[in-house]
Amino acid sequence: MKYTVITGASSGIGYETALAFAARGKNLILVARRLDKLEELKSTIQEIDPNVNVIVCTSDLSVTDQAYTLYNNLKEYQIETWINNAGLGEASFVVEQNLDKVETMLRVNIESLTILSTLYVRDYADVEGTQLINVSSALGYAIAVGSVAYSASKYYVSAFTEGLAKELELKGAKLKAKVLAPAITETEFVKKSIDAEEFDYKANMPKYHTAKQMAGFMVDLYDSNEVVGIVDQNYDFNLRGEIYPIISEF
């Protein structure tokens, strides 16, 4: 039995991606910190299709040791797709930012993502039909003043994943690495980034996508042979090859 792993599955893009993959009959391993939210999602999926097998795992990826523990706990399962969707934001000028919050963000966005990507690729590089999809951001390709540390963390995700995709291609690997780069999406993300109780997208954002729309773009990327799925400045979704210049030493 094959599974799709989705981190950050308790809400937003991860939640909707779980529903989208379940609609295709994909068995799921759902990862997040909040067990109650994961159990709710599992119940929702099994009401829609009781034949979909859903496993829930709690993990706090701001603690990098837990990334290793998570992966090792899933060794017994055959994983055809791994989606690193978990991510945190930080919206403030560098001189004003909360360094504890920034450290936590960097551990989730960079360290745990790198650990999980590396462990998965080591085990599955030569397995037909496997994919690694890392969720970056449109701000992984453009610097946002007021969110510089966040942008920089997503530059890392984009560059790491694009470079990994090229390495896998050069080695003739069967696994495909891809990067999804959303723009503003209606999720809990913004209010957590600015430490707000609520955030009204319709009142504050001229353009944005819903989490369900982004999950649809995730599926489009999954189905494609391209490396990058990115939302542009007009909020159109584009599938394309690597964006960063690649220097090959092979």
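Data block above holds the structure.
The structure reproduced in this document is the subject of the present report. All residue numbers refer to positions counted from 1 along the written sequence of the respective chain. Residues qualify for local features only when their pLDDT is at least 70, as the model is predicted, and side-chain atom pairs are given and counted only at 80 or more; totals for whole chains, interfaces and linings, by contrast, use all residues. Only hydrogens and water are removed before side-chain values are computed, so all heavy atoms of the structure are retained for them.

## A look at the side chain of Gln-131
Thought 1: As for its placement among the helices and strands, Gln-131 is situated in strand 5 (residues 131-135).
Thought 2: Classification of Gln-131 as buried rests on a relative accessible area of 9%.
Thought 3: Under the rule applied, a polar contact is a pair of N or O atoms within 3.5 Å (in protein, one hydrogen donor and one hydrogen acceptor; residues adjacent in sequence only if both atoms are side-chain atoms). A polar atom in the side chain of Gln-131 sits 3.0 Å from the side chain of Lys-178.
Thought 4: Leave out the neighbours within four places in its chain, and Gln-131 touches Glu-80, Thr-81, Trp-82, Tyr-120, Leu-175, Lys-176, Lys-178 and Tyr-222. A helix here means a DSSP run of H or I that spans at least four residues, while a strand means a run of E at least two residues long, and both kinds are numbered starting from the N terminus. Any residue under 20% of the maximum accessible area for its type is buried, any over 50% is exposed, and the rest in between are partly exposed; the area is computed with a 1.4 Å probe on protein chains only. Residues are treated as being in contact if the distance between any of their heavy atoms lies within 4.5 Å.

## Here's the deal with the sheet that holds strand 1 (residues 2-7)
Thought 1: A pair of strands is considered paired only if DSSP assigns at least 2 bridges between the two. Taken in spatial order, the eight strands line up as 3-2-1-4-5-6-9-10 in an open sheet, and their pairing is mixed. Two strands close off the open sheet at either side, each with one partner strand: strand 3 (54-58) and strand 10 (237-240). Across the sheet, the mean angle from the axis of one strand to that of its neighbour is 15 degrees, orientation sign disregarded.
Thought 2: The pairing of strand 1 with strand 2 (residues 27-32) spans five bridges and is parallel. By the bridge assignment for strand 2, Thr-4 is matched with Leu-28.
Thought 3: Packed on one face of the sheet, helix 5 (residues 148-170) meets strand 5, strand 6 (176-181) and strand 9 (228-231) and runs near 155 degrees to strand 6. Note on geometry: axes are lines fitted to C-alpha atoms, helical ones only across the stretch in contact, with angles between N-to-C directions running from 0 to 180 degrees.

## A look at the environment of Phe-21
Thought 1: Here Phe-21 is to be found in helix 1 (residues 12-22).
Thought 2: Judged by relative accessible area, Phe-21 falls into the buried class, the value being 1%.
Thought 3: On a C-alpha basis, the gap between Phe-21 and Ile-6 in space is 10.0 Å, while along the polypeptide they are 15 residues apart.
Thought 4: Once you skip the residues sitting within four places of it in the chain, Phe-21 turns out to touch Thr-4, Lys-26, Leu-28, Ile-83, Met-218, Val-219 and Tyr-222.

## What to know about a nonpolar patch on the surface
Thought 1: Residues Phe-93, Val-95 and Val-145 make up a contiguous nonpolar surface patch of about 370 Å² in total accessible area.
Thought 2: Within the element layout of this structure, Phe-93 appears in the loop between strand 4 (78-84) and helix 4 (99-124). Patch definition: residues above 30% relative accessible area lacking any salt bridge, with like charges linked at up to 9 Å and the nonpolar side chains Val, Leu, Ile, Met, Phe, Trp and Tyr linked at up to 5 Å. Where accessible areas are quoted, they stem from the Shrake-Rupley method and a 1.4 Å probe; at the residue level, only the protein chains shown are allowed to cover. Any carboxyl oxygen of Asp or Glu that lies within 4 Å of a side-chain nitrogen of Lys or Arg is treated as forming a salt bridge with it.

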